[in-house]
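# Structural description and commentary
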Amino acid sequence: MTTGQDIEELVRFVLAPGTSDDPFAHYLRLRELADVHRSERTGMTLLSRYADCRQVLGDPETFRVVDTDWMAAHRPGWRPSPSQEQFLSSLFFRNPPDHTRLRRQLSRGFTARRLRVLRPLVHQEVLRALDRLAAVPPGEAADFQELVAVPLSLTVLGGLLGIPASDHPRCWTLLHEAVPAPDPAADEAARAALARRADEAAAELAAYFTDLIARKRTEPGDDLVSACLREQADDPEQLTDHELALAVLPVFGAGVTTLSDTLGNIMHTLLAHPGRLERLAADPAQAERAAAEAFRYCGGYHITRRYATRDTEIRGVPVEAGSVLVLLLAGANRDPEAFGRPEEFDVERPETASLAFGAGIHHCLGAALAKLLVETVCGALHRAPALRPAGPPRWRPSLLFFGPVHLPVTVVAEPPTARPAP
């Protein structure tokens, strides 16, 4: 017999970073027991159904992102640290009208033309990354994240934003220091030291991107930052260099994190389904559907939050004004009410819109770029050598993103004769 205490234990596993290597099992169990669950321990309502999550994401009047205004009103005495303030000032944690203004400015850089410009870079860098993997001698282990996923994501996002390649490692290091992984075992002194370094790294990142934008004003290129500056030149609401830096910085940070996590998740999933990996490598024409299925089945963006602006209800469960809802997007993407055989990774599944990029006014700005990268990787797998797992992955301890920090693989054969990628 399942009790409320059992469900609350599930909630703890779902919301505590690093407590599980398989959060999907907890999403599934929670959906079976209580697809809309009001947690007495946290005071939050957790949603596991695709339709419910999509309803909330599509109604920004009733459900708004948890922003600094909400925190100030509901967490007496709350004061963000400098690194938190920078994070919370981003597009992801803004509501209209601020969100509308920022998104309008940034969307000028995410055009169809921008993707056409980036396509050759993405194709070239994917082949280079897979060739690095193919250069690993058979029988030797390698870290897929270190060799392929992270440098590939850094290059693609850096190319989008116009960040010089020589600065990629520095930006990646500062990003990790500005948003450190939680360490439950750290003592008070260690946590204080991490917090101090996070504030310093956040300030360095903001200064770097502010300087980058200032340079783009005098030396524009064919990149998103330059496009934003050109398009907003005559806009009376144009962003200052510092405002644009704080808007662009999370595009880089969240973009690199989600792309590298998703690439690692895909490879981990394909290694667990070697037959599907072989069929995909043999038929690059399946790349588009395989990428869509990968985002649904193992995308890296797992959880988002909203708060209710008025009293309402979902599936008969009351939701009070001001209370927070936790949307388990990765769980909703395996909802049997929305997807047939949802726990099966099927590269031949007819494409169905998932919530891998959210929905509504906060739908991911970089979704088209992410799809381009993952489709290109899936279509070029014939360039990769045969691989097998070389040990368990080490997963990212995060509430928002889920993916391997390290993914050890062993090269077991030379790559087949390379065929031109489609």
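Residues numbered from 1 in each chain as written. Predicted model: local features only at pLDDT ≥ 70, side-chain atom pairs only at ≥ 80, totals over all residues. Heavy atoms only, no water.

Looking at an unreviewed UniProt entry, one finds the protein chain named Cytochrome P450, with Streptomyces tricolor as its source organism.

### A word on the overall build of the protein chain
When helices and strands are counted, the protein chain shows 16 helices and 12 strands. Scaling as 2.2 N^0.38, a compact globule of 422 residues should have a C-alpha radius of gyration of about 22 Å, and the protein chain matches this with 22 Å. In terms of its C-alpha atoms, the protein chain occupies a principal-axis envelope of roughly 65 × 60 × 45 Å. A burial count over the protein chain gives 51% of its 422 residues as buried. By sequence separation, contacts in the protein chain at least 24 residues apart represent 74% of the contacts at least 6 residues apart. Considering the protein chain, the positive charge centre built from 46 side chains and the negative charge centre built from 55 side chains are found 3 Å apart. (Helix = DSSP H or I, 4+ residues; strand = E, 2+ residues; numbered from the N terminus. Rg over C-alpha atoms; globule rule 2.2 N^0.38 Å. Buried < 20%, exposed > 50% of the residue type's maximum accessible area, 1.4 Å probe, protein only. Contact = heavy atoms within 4.5 Å. Lys, Arg positive; Asp, Glu negative; His and termini not counted. Charge placed at Lys NZ, Arg CZ, Asp CG, Glu CD.)

### What about the environment of Ala134?
Along the chain, Ala134 turns up in helix α7 (residues 112–134). Ala134 gets classed as buried once you look at its relative accessible area, which sits at 15%. Taking the C-alpha atoms as reference points, Ala134 and Ala356, separated by 222 residues in sequence, lie 30 Å from one another.

### A look at the packing of helix α14 (residues 287–298) against helix α16 (residues 367–379)
Between two packed helices, what matters for the description is the angle formed by their axes and the separation of those axes. Axis separation between α14 and α16 bottoms out at 8 Å; the angle between their running directions is 120 degrees. The orientation of α14 relative to α16 falls into the category oblique. Two packed elements cross with a definite hand, and for α14 against α16 that hand is right-handed. Residues Ala287, Glu288, Ala290, Ala291 and Phe295 of α14 form the contact with α16, whose own contacting residues are Ala370, Lys371, Val374, Glu375, Cys378 and Gly379. When grouped by side-chain class, the residues that make up the contact of α14 with α16 number seven nonpolar, one polar and three charged. (Axes fitted to C-alpha atoms, helices over the stretch in contact; angles between N-to-C directions. Parallel < 35°, antiparallel > 145°, perpendicular 65-115°, else oblique. Left-handed = near helix turned anticlockwise from the far one by under 90°. Nonpolar A, V, L, I, M, F, W, Y, C, P; charged D, E, K, R; others polar.)

### Focus on helix α11 (residues 224–231)
A large share of α11 lies buried, amounting to six of its eight residues. Within α11, the full set of buried residues consists of Leu224, Val225, Ser226, Ala227, Cys228 and Leu229. In this structure, the buried side of α11 is in contact with α6 (98–107), α7, α8 (144–161), α10 (188–218) and α12 (241–272).

### Considering the pairing of strand β5 (residues 303–308)
Counting buried positions along β5 gives five out of six residues, so the element sits mostly inside the fold. Where β5 lies against strand β8 (residues 324–328), five bridges are found, and the strand directions are antiparallel. Pairing of Arg306 across the sheet is with Leu325, part of β8. (Pairing = 2+ DSSP bridges.)

### Considering the environment of Arg315
Here Arg315 shows up in the loop between β6 (312–314) and β7 (317–319). Residue Arg315 is classed as partly exposed on the basis of its relative accessible area, which comes to 43%. Measuring from C-alpha to C-alpha, the distance between Arg315 and Asp52 comes to 8.3 Å, with 263 residues separating the pair along the chain. When residues no more than four places from it in sequence are discounted, the contact partners of Arg315 are Asp35, Val36, Arg49, Ala51, Asp52 and Glu337.

### Quick word on the pattern of salt bridges
Enumeration according to the criterion identifies 24 salt bridges in this entry. Close ionic contact of Arg396 with Asp261 constitutes a salt bridge, the shortest N to O distance being 2.8 Å. One end of the pair, Arg396, is in the loop between β10 (394–395) and β11 (404–406); the other, Asp261, is in helix α12, and 135 residues separate them in sequence. What makes Asp261 buried here is its relative accessible area of 0%. (Salt bridge = Lys/Arg side-chain N within 4 Å of Asp/Glu carboxyl O.)

### Description of the confidence of the model for the protein chain
Residues with a pLDDT of 70 or more make up 95% of the protein chain, whose mean pLDDT is 87. Per-residue pLDDT stays below 50 along residues 416–422; that stretch engages in 16 contacts with residues further than four places along the chain or on separate chains. (pLDDT = per-residue confidence, 0-100.)

### Notes on the sheet that holds strand β12 (residues 408–411)
Taken in spatial order, the three strands of this open sheet run β4-β12-β9, and their pairing is antiparallel. Two strands close off the open sheet at either side, each with one partner strand: β4 (141–143) and β9 (387–389). In this sheet, neighbouring strand axes are inclined to one another by 40 degrees on average, regardless of whether the strands run parallel or antiparallel. Looking at chain direction, β9 and β12 are connected through three bridges and run antiparallel. Paired with Leu387 across the strands is Val411, a residue of β12. Sitting on the sheet, α8 is in contact with β4 and β12, with an inclination near 35 degrees to β4.

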